[in-house]
Every structure is written in structure tokens, then in C-alpha cells.
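Below, each chain spelled out in residue letters.
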Amino acid sequence: MSKEPGFDTLAIHAGAQPDPATGARVTPIYQTASFVFDDVEHAASLFGLQAFGNIYTRITNPTTAVLEERVAALEGGTAAVAVASGHAAQLIVMHTLLQPGDEFVSSRKLYGGSINQFSQSFKSFNWNVAWADGLEAADFEAKITDKTKAIFIESLANPGGVVMDIRAIADVAARHHIPLIVDNTMATPYLCRPIEHGADIVVESLTKFLGGHGNSMGGIIVDGGTFDWTKDDRFPVLTQPRAEYGDMILAETFGNFAFAIACRVLGLRDLGPAISPFNAFQILTGIETLGLRMGRHCENALKVAKFLDGHDKVDWVSYAGLEADPNHEKQKRYMPKGGGAVFTFGVKGGYQAGVDLVSSVEIFSHLANIGDTRSLIIHPASTTHRQLDEGAQEAAGAGPDVVRISVGLESVDDLIGDLGQALDGLGS
Ligand SMILES: *Cc1c(COP(=O)(O)O)cnc(C)c1O
């Protein structure tokens, strides 16, 4: 092709070709744990990283490889590694970057599960999170020490619908020579490509909009290929000789996709959270319609947000797509095609009203997920964020009156009608 293919072309074709063995047009599910070697030399070269090829599905699989190449193309990265879940992606990224005793600086505006993972389980690896006090680049810079090895943000933050100033935070990361990791789950590459704004590593939960149908768990790590690991000795996984690979130095051998290789040949190899080929297949099918779906998700979400904004039982609506929203300017800059489909609003009547609302909707499903074709609703203070104390709930945008919705692809009049009947019934 003479010119760079468009987003929807990549979403359907990137990484795939008719199956060389059978001609199957759709990427088959290679449901196998392992792969036969041509001969002993071939086996030795695969194990020594001298040749690329399949050994065992914990590390690579042909169905998963198509998914990886496709998401790398959509995000504009050099390579990607698909894993079992979004949380597994975060675990492997940090395992590759951090040594025991190291730190990373994170935004507090995160998916509740990420707050738990960072502040609780990562502690047992002696990886320490320093929470930025605000959302500005200076708030992140203030927390950087000699031990800081990364900055972590969400492009469009869950659940508050906050758009982060990726470029300004990337500049801080670059100045301190640490990589910026961006969780792009809520925006997806259709709305925002963080690598173009200075991110070095993108992680995503494929469980959400990429798969898009609420049927398969998955996660992915995209290597932006932008970070120079060899500048100093702060990332030993990439710059120290690896005895098990003939003293190979990953950053030297693999250049601008060395981070992805390290995540695969050390992280997946030793920590083990591989995605199943079946899930990779389901998510690939979902990605084919990502552009179509995200367009409609955003259109429906804006209509629902406007309806809620005008409802007398609703105190406030936090949706970056609304013109009066404090995030609207940044949304236009970083995600001009729309404000996404997940946002929060505050119900009059606080905690009880939130609980009552999620109990009385009929089309919306009350559950802990986002990014499904179906519309979803949750009251974070009684569910996803209930482990946090009230101060931490407020800081994460999950106070007692907050309700989060993920607007699906149903007929929007039905969605508005459903929320309307549930709101009208409150306090009566
Ligand atoms: C769901 C989610 C995750 C975690 O992904 P899983 O696939 O559930 O492990 C991480 N970040 C964000 C923004 C999410 O919405």
C-alpha cells in the first residue's frame, strides 16, 4: 500500500494474513500449548533468542501474535505483548522496570483495582508508589526521587472522566529520564494515541472496549520504541547481560523493541500470566469494529450526559464531552473524536440515592465492568472503591453520591428512558 492505511483498515487487517497452512481467511485459534521444533539446532536457536518462533504458549502463540501486531499498529508502537488481563500487563511492566526498593509516581485518578494493586500487592515486591497530589505535571515532578523509575497515568481517567495532560507529564518524565506509562483503556487508540503525545509505554485492559463485548479478559503492553534504556544503568533488566541468553544485553540486541522483548522473555516466562488463544481470537474479532463502536459509544454517551445534566435529581455530571466541563479543552486536544463512553454523575441524596438508582434501572446492568456493547452502571462507593476510606474515595472521584455509567450501543432513547424512570423514582 502506498500510503499509511487508515485506522479502520488497520483494525481489520494489521498483523493478519490468510492462514499459511489452510488458507483460512480469519485468524484461526491456535489452541495448542506447544510447537514442534524442526530439529535440535532450531530448538537451540529459539531458546537462545537467536531466532523468532514459537516454543510454548506461555511465551508466544500465533493467534496472540496477530493481536499483538494489530494493537501495536493501532497505538503506533514498535511491538506489543498480550497478557491475561490489564492487571497482568501492569504487573509485567513494573516487574521489567523496577528493582526491589524502587519507586514510581502515579496519578491518583485511576481505576480502583489499579489503586489496590499499586498500594497493596506491589508492596510485597518492595515496589513503592508515590501518589501525585494533583493532576498537573508539577505534581508529578514533585514526587520524583533518585529511586523513581516510571510515571503512571491513565489518558482518560476511570471513573472521573478526567483527561490528563499527557504531553506536559511526558516532558517531566523525559527531563528525568524515566519512561511515561499510559493506561489507554478508557480512550482506546481510536480516541487517543498516547505515544504520539510522548508516552513511552502504553498498557491497556483488552477486557474493555478493545474486545468490546464483555466476554473475554485480556491485557496488552505496547512498546513505544521511544525510550533510550542504555543511557544509564537504571534499568538493569534491559542493560545487564542475561546469563540464560548467552550474556545477551536485551537493549543492545533488540533496540527499539527491547522493552517488549523483556516483558515477554522474562516477565511472561517467569510470572506466567499468558492470555488464552481463544480470548485473543475473541478480542481480535472485537477490534475489527473498534472504530464503529467507539464512534457510537461516544455519540450515545454525549446524549445521555446532556440528559442527565438537565435532570433535577442530578447534582453534577462529569463528562469531558460536555462543553462546560473543565476537561473539555483537554479532550478536544487529546481526544478530538469524543469524550469516551464512561463517566460519572452525582445523584441528589448521596449514598442511599446511588444504591437505589443502581437497583431500579432495567436496561443498564449493575456490574463491575466498562466497555461492553451493553450499558453498565455501578455505584463505586459501595463496590469497586469500597476498600478505600472516604478520603481516598473522594480523591479517586468515587465519593458517596457518585454513580458511574458505561454507555453502550443500545438505542439511545431507551437508555435515556431507563435512567429517567429510575431517577424519577428516587426518594419517593
Ligand atoms: C479494567 C481496567 C484495568 C484492569 O484490567 P483487567 O483486564 O480487569 O485486569 C486497568 N485499567 C483500567 C482503566 C481499567 O478500566
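Above: the structure in question.
The following paragraphs examine the structure supplied in this document. Everything numeric in this text was worked out from a predicted model, so none of it was measured.

Thresholds, definitions, all that
Residues numbered from 1 in each chain as written. Predicted model: local features only at pLDDT ≥ 70, side-chain atom pairs only at ≥ 80, totals over all residues. Heavy atoms only, no water. Pairing = 2+ DSSP bridges. Helix = DSSP H or I, 4+ residues; strand = E, 2+ residues; numbered from the N terminus. Axes fitted to C-alpha atoms, helices over the stretch in contact; angles between N-to-C directions. Contact = heavy atoms within 4.5 Å. Salt bridge = Lys/Arg side-chain N within 4 Å of Asp/Glu carboxyl O. Buried < 20%, exposed > 50% of the residue type's maximum accessible area, 1.4 Å probe, protein only. Parallel < 35°, antiparallel > 145°, perpendicular 65-115°, else oblique. Left-handed = near helix turned anticlockwise from the far one by under 90°. Nonpolar A, V, L, I, M, F, W, Y, C, P; charged D, E, K, R; others polar.

1. Comments concerning the sheet that holds strand β2 (residues 103–106)
For sheets, the rule is that strands pair by backbone hydrogen bonds, running either parallel or antiparallel.
Next, step 1: Spatially, the seven strands line up as an open sheet ordered β1-β9-β8-β7-β4-β2-β3, and their pairing is mixed. Looking at strand neighbours, the two that pair on one side only are β1 (79–83) and β3 (128–131), the edges of this open sheet. The average undirected angle you get between the axes of adjacent strands in this sheet is 20 degrees.
Next, step 2: For β2 and strand β4 (residues 148–154), the ladder comprises three bridges, and the chain directions are parallel. If you follow V105 over to β4, its bridge partner there is I151.
Next, step 3: Strands β1, β8 (201–205) and β9 (219–223) of the sheet are contacted by helix α3 (residues 62–75), whose axis makes an angle of about 130 degrees with β1.
Next, step 4: Helix-sheet contacts for helix α4 (residues 86–97) involve β1, β2, β4, β7 (180–183), β8 and β9, and the interaxial angle to β8 is about 155 degrees.

2. Overview of the pattern of salt bridges
Next, step 1: Counted by the stated rule, this structure contains 12 salt bridges.
Next, step 2: The residue R242 makes a salt bridge to E244 at a minimum N-O spacing of 3.2 Å.
Next, step 3: Residue class for R242 comes out partly exposed when judged on its relative accessible area of 22%.
Next, step 4: Overall, the relative accessible area of 35% leaves E244 in the partly exposed class.
Next, step 5: Here the residues in one salt-bridge network are R242, E244, R269 and D270, joined through shared partners.

3. Regarding the packing of helix α13 (residues 290–309) against helix α17 (residues 412–424)
For any two helices packed against each other, the geometry is given by the interaxial angle and the distance between the axes.
Next, step 1: At a minimum axis distance of 10 Å, the contact between α13 and α17 shows a crossing angle of 30 degrees. The pairing of α13 with α17 is recorded here as roughly parallel in orientation. Crossing angle aside, the handedness with which α13 passes α17 is right-handed. When α13 is examined against α17, the residues N300, K303, V304, F307 and L308 are found in contact with a partner set consisting of V412, L415, I416, L419, G420 and L423.
Next, step 2: Across the contact of α13 with α17, the residue classes tally to eight nonpolar, two polar and one charged.

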